[in-house]
Amino acid sequence: IYTSEIHRSTMAVFIAKVIVMAVWSFLLFANANKCSYAFVPFTGTISHKALPFSPRSLLKMVSIGEACGLSYEEPLFRPPAEWRSLILQVTIGCSWNRCTFCEMYQEKKFSARPIDDIVDEIDAVVMAGGAPYVRDVFLADGDAMTLPTGHLVQILDAITIKFPNLRRVSSYCLPRNIQGKSVEALTSLRQRGLSLVYVGCESGDDTVLAAVNKGETYASSLNALEKLRNSGMKRSVMILLGLGGSDYTIPHALNSAKLCSAAQPEFLSVLTTSFPRGRSRVEDGFRKISESPFVELNPREGLDELKRFLEAIEIPNNRTIFRSDHASNYLVLKGRLGKDKPKLLSQLCDILDAPEEDDEINLRPEWARGL
């Protein structure tokens, strides 16, 4: 059995290499011979109409925006589901940028980009021949929803006019971004194509939120999620596993489940808190509320927290799609709450009940994790 498993694994790797080499050879051949076929990786299709960028250059691109000549102020982040989207950087950085756990925009000073610059970038995509391939647009950076409604309306109108095959526009969103926007204003944005927002709630526990300087509470998060629901926008809520450390793992899990049960978002994802630059900022925040130091959860403790979270969540109508497929997580789970809740918990229990030495096989290795 062991030998056959090795054989199958080796064959799979061999077949994958053959496929990669075949695609590589086709692209280089097409480029060298100025073939009228152009492989478009962001759509997964082959177009009979030659694009103004070469297949060789496409191998180096990570997005349709870069393929069409757009440049971005790095670092640039997007949700996993937006991997095919045209990214328009309508803001730089994050309007709050004080969360002690977040290092995404520490080097950036927040600013809103001029509308004329954004329209010029949209026109550049059109001029490069990319418009027919734009299905989804993601508005970066950290919380484009902080922009005034009128500002967003102008951006959305330009997007919908220029991209005839548009399906949706999406954006990151902080609960605080919604405070000053009425349901009517949000509805207007949704009618113009902004149909999905990724809401960084992180936790439903007020103590944890205060410790990490999130600037939100359970009540403010729920209020924002309800306004978004009433506007018809789809909500993808993000919860951070391990954010409360070992001392607050239980209230963090239970109150986060309570928040999600009350809001019943269309999408729900968990990420795992990580500290590539150290824990000092988080430790300082927890020191203000507790005499005990912040202790980071190990992988198994993080899965225990996830198990407690899923056990406590109550979404009976199967409306919420759950994912733990972010690169920061040790275990990928996918399902719909609530019909798949027993299956998800069973998968978790299988991992937790297995010997700890099996984690090397069952869990994502450290080198494969990251933001």
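Structural notes, computed from the coordinates. Given the structure is predicted, the values throughout are model-derived calculations rather than measurements.

**A word on empty space enclosed by the protein**
On inspection of all chains with the given rule, the structure shows one cavity of 30 Å³ or more. Size it by volume and the largest cavity reaches roughly 40 Å³. In this structure, the largest cavity is lined by Gly244, Gly245, Ser246, Asp247, Tyr248, Phe286, Ser290, Ser292, Pro293, Phe294 and Val295. The residue makeup of the lining of the largest cavity, split by class, is five nonpolar, five polar and one charged.

**Some details on the sheet that holds strand S12 (residues 334-337)**
If you trace the eight strands from one edge of the open sheet to the other, you get S3-S6-S7-S8-S9-S10-S11-S12, paired in mixed fashion. At either margin of the open sheet sits one strand with a lone partner, and together these are strand S3 (86-89) and S12. Between one strand axis and the next, the sheet turns by 25° as a mean value, whatever way the strands run. Direction of pairing for S3 relative to strand S6 (residues 136-140): parallel, over a ladder of four bridges. Looking at S6, one finds that Leu86 is bridged to Val137.

**Some points on the side chain of Thr249**
With respect to the element layout, Thr249 can be found in helix H10 (residues 249-263). Judged by its relative accessible area of 13%, Thr249 falls in the buried class. Of note is the side chain of Thr249, whose polar atom sits 2.6 Å from the side chain of Glu305. Filtering out sequence-adjacent residues up to four positions away, Thr249 remains in contact with Gly244, Leu297, Glu305 and Arg308.

**Here's the deal with the layout of surface pockets**
A volume near 300 Å³ is recorded for the second largest pocket. For the second largest pocket, the lining is made up of 23 residues, of which Thr272, Thr273, Ser274, Tyr330 and Arg369 are closest to its centre. A total of four residues in the lining of the second largest pocket trace back to one element, the largest contributor, which is helix H12 (residues 299-312). Across the lining of the second largest pocket, the residue classes break down as eleven nonpolar, nine polar and three charged.

**As for the pairing of strand S10 (residues 267-272)**
In terms of residue burial, S10 counts as a mostly covered element, since five of its six residues are buried. With six bridges joining them, strand S9 (residues 234-241) and S10 adopt parallel strand pairing. In the sheet register, Val237 faces S10, and the bridge partner there is Leu268. Traced from S9 through H10 to S10, the parallel crossover comes out right-handed. Pairing analysis gives three bridges linking S10 to strand S11 (residues 320-323), with the strands arranged parallel. Looking at S11, one finds that Phe267 is bridged to Ile321.

**Describing the nonpolar core**
Ranked by size, the top nonpolar core spans 94 residues in total, and within it Leu86, Leu139, Met145, Phe309 and Phe322 carry the most contacts. The contact partners of Met145, leaving out residues within four places of it in the chain, are Leu152, Ser171, Tyr172, Cys173, Asn177, Ile178, Lys181, Leu186, Leu189, Leu194, Val197 and Met233.

**Description of helix H5 (residues 149-162)**
The end-to-end C-alpha distance of H5 is 20 Å, a good match for the 20 Å that 14 residues give at a rise of 1.5 Å each. Within H5 the residues assigned to the buried category are His151, Leu152, Val153, Ile155, Leu156, Ala158 and Ile159. Where the residues of H5 are buried, they touch S3, helix H4 (115-127), S6, strand S7 (168-173), helix H7 (183-191) and strand S8 (194-202).

Rules behind the numbers
- Residues numbered from 1 in each chain as written.
- Predicted model: local features only at pLDDT ≥ 70, side-chain atom pairs only at ≥ 80, totals over all residues.
- Heavy atoms only, no water.
- 1 Å grid on protein atoms, 1.4 Å probe; cavity = no way out; pocket = protein on both sides within 12 Å on 5 of 7 lines; lining within 4 Å.
- Points joined across faces, edges and corners; volume = space filled by probe spheres on them.
- Nonpolar A, V, L, I, M, F, W, Y, C, P; charged D, E, K, R; others polar.
- Pairing = 2+ DSSP bridges.
- Helix = DSSP H or I, 4+ residues; strand = E, 2+ residues; numbered from the N terminus.
- Axes fitted to C-alpha atoms, helices over the stretch in contact; angles between N-to-C directions.
- Buried < 20%, exposed > 50% of the residue type's maximum accessible area, 1.4 Å probe, protein only.
- Polar contact = N/O pair within 3.5 Å; in protein donor to acceptor, adjacent residues only side chain to side chain.
- Contact = heavy atoms within 4.5 Å.
- Right-handed = clockwise from strand over helix to strand, strands pointing away.
- Core = buried A, V, L, I, M, F, W, Y, C linked by side-chain atoms within 4.5 Å.
- Expected span 1.5 Å × (residues − 1).

Note that every value here comes from positions in space, so none of it alone points to a role or purpose.
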